[in-house]
Amino acid sequence: MKNTMYKSVYFCLFLLAIGCGGNEYELPYNDYSSFWLTTTEDAGDQTEFDKIVNQKEFIAFFDLSRNAVSHKWITPTSTKFLSKDFTEGDSIYTDYIIGNRGESTDKLVNVYFPEGGQYEVKLENTFRDSVNTGVYSVEKDLWVVHQTFSVDVYADTNPAAKILFNEVEVFVMEDTENPSLANKASWPVLNIEAGDELVFVDASTEGRPSGSKWVLEGAKPETGGKDTLAVLYNKFGEYTVSLASVRKQPSKTVEKPLPVIIKVNPSNKPFVINGKVTMDADGVISFAVTGEVDAVFGQADKFKVHVTNNSAGFDEAIAVESVAINSEDATIIELTLASPIFNTDKIDLSFTGGNITSVDARVLADFGPLPISVALGNTVLIDSWAGYELEATNWKKANAEGYFVGKTNGTEVAPVFSRVTDKLFSGNASMRYSSEGISTVTLQGSNFSVPNGVPSGTYFVSYKVFLETGNTMQSFTTIVDPKGGDKKKETNWDVSEANSVERGKWIEISQEIVLENSIDSGVRFDLKVDEATNVGVTGTQIIYFDDLKFIPLVPRE
């Protein structure tokens, strides 16, 4: 707490004092509430307490009542008062504790909370004349006003964890333990083989945590934020793990190392491909294996890449030009081809009779043919428009720049189409359609072809959509260039449960769309939900749209 902050409060008090006169006895804000400063957080609407605070922190209370004869702060004996000598740079306040035994007649008091729990801070003021909420005391011949402020003090978070191997618990760290890396030479060793998976479970409960942060040396991945995290260990060595128990409000993070050494030994398991085969936008094929790779020299001819493209009448093998180990992850093998691949090709990969070895002298097993997932390339649309990122303060524009609905968009309080930020696939926003039953409404996208238009051709078109559980709608329609006459392109999207479109999760829906004509800059792209294509649909219908993509599909000549 800055001393300058106290000065600003004194100035407020001075302004109130010069406004008082004669026998006026006024309470600030027409009721009896103290004004407080704090380095901590308001409790908000999710708790019955007036304030929430971390243990070993303080709240500054300041009485702004006028013309009081006396005033007194009363705090629980387990709390402490602090002097006003500390500065903004201080975070440990024990040197500033003053011993006034739970009562103070100062206007400003800094109440320090050493331990977690629920507390009440009370203020008692007396007045000569009657005041709101006051009670007359015959003994004192004064009017007495009491005010109580409730404070929820959060204990520090305190990491606790366990480790599972093959669904069996193999290690536990209790929250009573406080291990130090300085003592790791005495820690137990958990022996596993290269390629083994461990599951780490955050068992923290103390301090009401809301999240986890794992750091797992030598693992894949090496960091994570889930309560339960499954990781692979592919590299030989001895590794440590740490867990931070996180609370969002009031903010607190406490980190501990787990007092165990993860030792990764040579594996007796087969050395095999591990997961999907992919090709990136640069044409590099990659796949993971169950261990670190030692050598790939002279192995290019052991791979077969088979390519088909029915539209082009192409059905051939393409030679692998080089084989390499990924520079950042030795469990990933990368292939480059002698000829280019097109995003309209279908590709599969085989490996036969090779001698790719792991660092523990295992030989990679044959595999394939396996399909290769090819990166299609970049969308021609502007991401901020296609992802509803730009806000507009106009409900008739669905609250999104580059879009318009008009007066058919429900009401300002309950628009049918509306940009929202509470459910999204990526970025900061998505577009929500919400209606009782089906309302026929069109979301006009005016910036679809900005700035350079959209060339003719075949496009892979996709949305990320989230249909709320209970949504029974059957379809929606997109329209390219709705006023373009022959250029108009209307596409129906089947999102029915009968089409196996899942509810309650983000999914991608896609199809190929052929634009026979080029689209000029500034042409619209409309999204329409129509009662005519959703016959019999009743009840609340909510669907979210995000990340519209138009990716050109390149034909093989």
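How each quantity is defined
- Residues numbered from 1 in each chain as written.
- Predicted model: local features only at pLDDT ≥ 70, side-chain atom pairs only at ≥ 80, totals over all residues.
- Heavy atoms only, no water.
- Helix = DSSP H or I, 4+ residues; strand = E, 2+ residues; numbered from the N terminus.
- Rg over C-alpha atoms; globule rule 2.2 N^0.38 Å.
- Buried < 20%, exposed > 50% of the residue type's maximum accessible area, 1.4 Å probe, protein only.
- Contact = heavy atoms within 4.5 Å.
- Areas by Shrake-Rupley, 256 points an atom, 1.4 Å probe, with all protein chains shown as cover.
- Lys, Arg positive; Asp, Glu negative; His and termini not counted.
- Charge placed at Lys NZ, Arg CZ, Asp CG, Glu CD.
- Pairing = 2+ DSSP bridges.
- Core = buried A, V, L, I, M, F, W, Y, C linked by side-chain atoms within 4.5 Å.
- Salt bridge = Lys/Arg side-chain N within 4 Å of Asp/Glu carboxyl O.
- Phe/Tyr/Trp six-rings, centres within 6.5 Å; stacked < 30°, edge-to-face > 60°.
- Lys NZ or Arg CZ within 6 Å of the ring centre and 35° of its normal.
- Polar contact = N/O pair within 3.5 Å; in protein donor to acceptor, adjacent residues only side chain to side chain.

**Regarding the overall build of the protein chain**
Argument step 1. A tally of regular secondary structure across the protein chain gives two helices and 44 strands.
Argument step 2. In summary, the protein chain has a C-alpha radius of gyration of 33 Å against a globular reference of 24 Å for 557 residues, an excess of more than 25%.
Argument step 3. Principal-axis analysis of the C-alpha atoms places the extent of the protein chain at approximately 105 × 75 × 40 Å.
Argument step 4. Going through the 557 residues of the protein chain one by one, you find that 45% of them count as buried.
Argument step 5. Contacts in the protein chain between residues far apart in sequence, at least 24 positions, make up 69% of those at least 6 positions apart.
Argument step 6. Looking at the protein chain as shown, the accessible area adds up to about 27800 Å², and 48% of this sits on carbon and sulfur atoms.
Argument step 7. Within the protein chain, one finds 48 positive and 78 negative side-chain charges whose respective centroids are separated by 3 Å.

**Topic: the pairing of strand S40 (residues 475-480)**
Put simply, side chains in a regular strand alternate between the two faces of the sheet.
Argument step 1. Counted residue by residue, S40 has six buried out of six residues, so it is predominantly covered.
Argument step 2. Burial along S40 is two-sided: Ser475, Thr477 and Ile479 facing one way and Phe476, Thr478 and Val480 facing the other are all buried.
Argument step 3. Note that S40 and strand S41 (residues 489-494) share six bridges and pair antiparallel. Bridge pairing in S41 links Val480 to Lys489.

**Concerning the sheet that holds strand S43 (residues 525-529)**
Note on sheets: strands pair through backbone hydrogen bonds, and any given pair is parallel or antiparallel.
Argument step 1. Pairing within the open sheet is antiparallel, and its five strands lie in the order S35-S38-S43-S40-S41. Looking at strand neighbours, the two that pair on one side only are strand S35 (403-404) and S41, the edges of this open sheet.

**A look at the nonpolar core**
Argument step 1. Grouped together as the largest cluster of nonpolar side chains are 42 residues, with contacts concentrated most on Phe417, Tyr463, Phe545 and Phe550.
Argument step 2. Contributing elements (two or more residues each) for this core: helix H2 (383-386), strand S37 (430-436), strand S38 (441-445), strand S39 (457-467), S40, strand S42 (506-515), S43 and strand S44 (540-552).
Argument step 3. Of all the elements, S39 adds the most residues to this core, at five residues.
Argument step 4. Discounting residues that sit within four places of it in the chain, Phe550 has contacts with Asn378, Thr379, Val380, Leu381, Phe448, Tyr459, Phe460, Val461, Val480, Leu515 and Phe525.

**Looking at the sheet that holds strand S13 (residues 161-165)**
Argument step 1. Ordered by their spatial adjacency, five strands build an open sheet running S14-S13-S16-S20-S18, and the pairing between neighbours is antiparallel. Single-partner strands in this sheet number two, and they are strand S14 (168-173) and strand S18 (219-220).
Argument step 2. Bridging between S18 and strand S20 (residues 228-233) involves two bridges; their strand directions are antiparallel. What sits directly across from Lys220, in S20, is Leu232.

**Quick look at the environment of Tyr388**
Argument step 1. For Tyr388, the position within the fold is in the loop between H2 and S35.
Argument step 2. The buried category is assigned to Tyr388, whose relative accessible area is 2%.
Argument step 3. Taking the C-alpha atoms as reference points, Tyr388 and Ile318, separated by 70 residues in sequence, lie 41 Å from one another.
Argument step 4. Setting aside chain neighbours within four positions, we find Tyr388 in contact with Tyr403, Arg419, Ala429, Ser430, Met431, Leu443, Tyr463, Phe545 and Asp546.

**What about the pattern of salt bridges?**
Argument step 1. All told, the structure shown has 19 salt bridges when counted by the stated rule.
Argument step 2. Note that Glu516 and Lys489 form a salt bridge whose closest N and O atoms lie 3.4 Å from each other. Of the two residues, Glu516 sits in the loop between S42 and S43 while Lys489 sits in strand S41, which places them 27 residues apart along the sequence.
Argument step 3. One network of salt bridges, in which partners are shared, links Glu193, Asp196 and Lys269.

**Let's talk about the packing of aromatic side chains**
To describe a pair of aromatic rings, one takes the distance between the centres and the angle between the planes.
Argument step 1. Under the criterion given, the structure shown has 32 aromatic pairs.
Argument step 2. Pairing Tyr93 with Tyr112 gives two aromatic rings, centres 6.3 Å apart and planes at 65 degrees, and the pair type is edge-to-face. Residue Tyr93 is located in the loop between strand S6 (80-82) and strand S7 (97-98), and its partner Tyr112 is located in strand S9 (residues 108-113); the two are separated by 19 residues in the primary sequence. Take Tyr93 and Tyr112: they sit in the same class, and that class is buried.
Argument step 3. Put simply, the rings of Trp385, Tyr388, Tyr403, Phe448, Tyr459, Phe525 and Phe550 pair up and form one aromatic cluster.
Argument step 4. One cation-aromatic arrangement involves Arg208 over Tyr154; the distance from NZ or CZ to the ring centre is 3.5 Å.
Argument step 5. Over the aromatic face of Phe466 sits the side chain of Lys423, whose NZ or CZ is 4.2 Å from the ring centroid.

**Things to note about the pairing of strand S28 (residues 303-309)**
Argument step 1. Side chains Phe303, Val305, Val307 and Asn309 of S28 all project onto a buried face; the interleaved residues Lys304, His306 and Thr308 project onto a face where none is buried.
Argument step 2. Taken together, the five bridges between S28 and strand S29 (residues 314-318) define a ladder with antiparallel strand orientation. For His306, the partnering residue across the bridge sits in S29 and is Ala317.
Argument step 3. Between S28 and S29, which pair antiparallel in sequence order, lie four residues; one of them, Gly313, sits at a positive phi of approximately 65 degrees.

**Quick word on the environment of Gln147**
Argument step 1. As for its placement among the helices and strands, Gln147 is situated in strand S12 (residues 142-154).
Argument step 2. Note: C-alpha distance between Gln147 and Glu124 (23 residues apart in sequence) is 6.7 Å.

**Here we look at the environment of Val231**
Argument step 1. Considering the arrangement of structural elements, one finds Val231 in strand S20.
Argument step 2. Counting along the chain gives 218 residues from Val231 to Ser449, while the straight-line C-alpha distance between them is 44 Å.
Argument step 3. Leave out the neighbours within four places in its chain, and Val231 touches Asp196, Glu197, Leu198, Phe200, Leu216, Ala219, Lys220 and Pro221.

**Describing unusual backbone geometry**
Argument step 1. Of the consecutive residues Gly368 and Pro369, the connecting peptide bond is found in the cis state with omega at 5 degrees.
Argument step 2. Mapped onto the secondary structure, Pro369 falls in strand S34 (residues 367-374).
Argument step 3. Between Val450 and Pro451 the backbone carries a cis peptide bond, its omega angle lying at 5 degrees.
Argument step 4. Assignment of secondary structure puts Pro451 in the loop between S38 and S39.
Argument step 5. Its identity as a non-glycine residue notwithstanding, Asn67 has a phi of 60 degrees, on the positive side.

**Quick notes on the side chain of Ser358**
Argument step 1. You can see Ser358 is positioned in strand S33 (residues 357-358).
Argument step 2. Taking the relative accessible area as the measure of exposure, Ser358 reaches 2% and is therefore buried.
Argument step 3. At 2.3 Å, the side chain of Ser358 forms a polar contact with the side chain of Asp360.
Argument step 4. Those residues within four positions of Ser358 in sequence are excluded, and the remaining contacts are Phe271, Glu292, Val293 and Asp294.

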